[in-house]
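# Inside the fold
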Amino acid sequence: MANRFNKYKFLDELKEHLTDEFGCPHCAAENGEEYVEPTDDQIEDYVISYIGDQTIYYYNCWLICLEFQPNDFIIPYTGNKAKDINELAFYLLLDFVMQDIRTFTIEKAKTLN
């Protein structure tokens, strides 16, 4: 099959882009630099922009929706109906990324306790 969207590959690529954008604590320590933790707002703004870039074209949005296979055009966050395929794909990706962030936060909290 030609082009397919893979949500797990997307998530890995997003994490790589976040690391490129904000650096990582281990890399900074190895280089003798001080790591500055990005704020939640900076990360959220970057994620929203990154997802927005992925959902510009209808073709990509249809591939994203084929991957997630939603039952309807309802946006997970709001419960409202998406006005078009771009909006549906955007919120499907955002919901997927936010679930991963919540899982990471819970696992991180368990590790610290």
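For the structure itself, consult the block above.
Only a predicted model underlies this, so the values are computations on that prediction, with no experimental measurement involved.

Cut-offs used in this document
- Residues numbered from 1 in each chain as written.
- Predicted model: local features only at pLDDT ≥ 70, side-chain atom pairs only at ≥ 80, totals over all residues.
- Heavy atoms only, no water.
- Phe/Tyr/Trp six-rings, centres within 6.5 Å; stacked < 30°, edge-to-face > 60°.
- Buried < 20%, exposed > 50% of the residue type's maximum accessible area, 1.4 Å probe, protein only.
- Core = buried A, V, L, I, M, F, W, Y, C linked by side-chain atoms within 4.5 Å.
- Helix = DSSP H or I, 4+ residues; strand = E, 2+ residues; numbered from the N terminus.
- Contact = heavy atoms within 4.5 Å.
- Axes fitted to C-alpha atoms, helices over the stretch in contact; angles between N-to-C directions.
- Parallel < 35°, antiparallel > 145°, perpendicular 65-115°, else oblique.
- Left-handed = near helix turned anticlockwise from the far one by under 90°.
- Nonpolar A, V, L, I, M, F, W, Y, C, P; charged D, E, K, R; others polar.
- Expected span 1.5 Å × (residues − 1).
- Arc of directions from axis to C-beta.
- 1 Å grid on protein atoms, 1.4 Å probe; cavity = no way out; pocket = protein on both sides within 12 Å on 5 of 7 lines; lining within 4 Å.
- Points joined across faces, edges and corners; volume = space filled by probe spheres on them.

## Examining the packing of aromatic side chains
- Following the criterion strictly, the structure yields 7 aromatic pairs and no others.
- Residues Phe5 and Phe10 carry aromatic rings whose centres are separated by 5.7 Å and whose planes lie at 45 degrees to one another, so their mutual orientation is tilted. Taken as a pair, Phe5 and Phe10 share a single burial class, namely buried.

## Focus: the nonpolar core
- One finds Phe10, Leu14 and Ile51 to be the most contacted residues of the largest nonpolar core, which totals 26 residues.
- Of all the secondary-structure elements, those providing two or more residues to this core are α1 (7-22), α3 (40-54), α4 (58-68) and α5 (85-112).
- Tallying contributions element by element places α5 first for this core, with 9 residues.
- When sequence neighbours within four positions are dropped, the list of residues in contact with Leu14 reads Tyr46, Val47, Tyr50 and Val97.

## A short note on the packing of α1 against α3
- Where α1 meets α3, the axes come as close as 11 Å, and the angle between the chain directions of the two elements is 130 degrees. The angle between α1 and α3 places the two elements in the oblique class. Note that α1 runs across α3; the crossing there is right-handed. Each of Phe10, Glu13, Leu14, His17, Leu18, Glu21 and Phe22 in α1 lies in contact with α3, whose residues at this interface are Gln42, Ile43, Tyr46, Val47, Tyr50, Ile51 and Gln54.
- Taken together, the residues of the contact of α1 with α3 break down into 9 nonpolar, 3 polar and 2 charged.

## A look at α3
- Counted at 1.5 Å a residue, the expected span for α3 with its 15 residues is 21 Å, and the 21 Å between its end C-alpha atoms agrees.
- For α3, the full list of buried residues reads Tyr46, Val47, Tyr50 and Ile51. Down the axis of α3, the smallest arc covering the buried residues is 130 degrees, so these residues share one side. Exposed residues pointing more than 90 degrees away from the buried face of α3 are listed as Asp41 and Asp45.

## Describing the layout of surface pockets
- Of the pockets and cavities examined, the second largest pocket occupies roughly 220 Å³.
- Lining the second largest pocket are Arg4, Phe5, Asn6, Lys9, Phe10, Glu13, Gln54, Asn60, Leu63 and Ile64.
- Of all elements in the fold, only α1 and α4 reach the threshold of two or more residues within the lining of the second largest pocket.
- In terms of residue class, the lining of the second largest pocket is made up of 4 nonpolar, 3 polar and 3 charged.

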